[in-house]
Amino acid sequence: MRTLCAGTLIGEFFVIGFAGLVAMQMTELSTATIWTVSGIAMLLSLLLCGMLTRPGGVQLGWALQGALIASGFVVPTMFFLGAVFAALWWASVHFGRKIDEAKARWAAQSEASGEPAGDPA
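Note that this is a predicted model, so its numbers are computed, not measured. (Residues numbered from 1 in each chain as written. Predicted model: local features only at pLDDT ≥ 70, side-chain atom pairs only at ≥ 80, totals over all residues. Heavy atoms only, no water.)

1. A look at the environment of Glu 12
So, step 1. Along the chain, the position of Glu 12 falls in helix α1 (residues 2-26).
So, step 2. Residue classification places Glu 12 among the buried residues on the basis of a relative accessible area of 0%.
So, step 3. Contacts of Glu 12, omitting those with residues within four sequence positions, involve Leu 64, Gln 65, Leu 68 and Phe 85. (Helix = DSSP H or I, 4+ residues; strand = E, 2+ residues; numbered from the N terminus. Buried < 20%, exposed > 50% of the residue type's maximum accessible area, 1.4 Å probe, protein only. Contact = heavy atoms within 4.5 Å.)

What follows is the structure, given as structure tokens:
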């Protein structure tokens, strides 16, 4: 799960940065305000990559998805991009957990049969 979710968060890092550039041109907000909010969101997306396995990491990721969608009030395109990344986040969490479960089952089967553990491929 961690790999899929981290990939989504890294993509969001770049989208948030580009949205900050667009917001500078589209809104009356000060540059300092835009980059403070964008910078915090970008930093959070990077920090979450390392926090995914800790309690609350996935929930913070959901909060970031909500904030990304809400940023559509400043840059309207972010309603769409936020929804796309929320769907990617859901898929990363959902399918990442399934992959982790399959790996654990495969490792348990390998251990039970006495075969050395390794990749199933």
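2. Topic: the packing of aromatic side chains
So, step 1. All chains considered together, the criterion is met by three aromatic pairs.
So, step 2. Note on Phe 13 and Phe 14: the rings are 5.3 Å apart at their centroids and 85 degrees apart in plane angle, and the pair reads as edge-to-face.
So, step 3. Classification of Phe 14 as partly exposed rests on a relative accessible area of 47%.
So, step 4. Taking 5.0 Å as the distance between ring centres and 85 degrees as the angle between the ring planes, the aromatic pair formed by Phe 73 and Phe 79 counts as edge-to-face.
So, step 5. On the basis of relative accessibility, which here comes to 35%, the residue Phe 79 falls in the partly exposed class. (Phe/Tyr/Trp six-rings, centres within 6.5 Å; stacked < 30°, edge-to-face > 60°.)

3. Quick word on the packing of α1 against helix α3 (residues 57-70)
So, step 1. It is the contact of α1 with α3, at a shortest axis distance of 12 Å, that shows an interaxial angle of 30 degrees. Between α1 and α3, the angle falls in the class roughly parallel. For the element pair α1 and α3, the recorded crossing hand is left-handed. The residues of α3 that touch α1, namely those facing Leu 9, Glu 12 and Ile 16, are Leu 64, Gln 65 and Leu 68. (Axes fitted to C-alpha atoms, helices over the stretch in contact; angles between N-to-C directions. Parallel < 35°, antiparallel > 145°, perpendicular 65-115°, else oblique. Left-handed = near helix turned anticlockwise from the far one by under 90°.)

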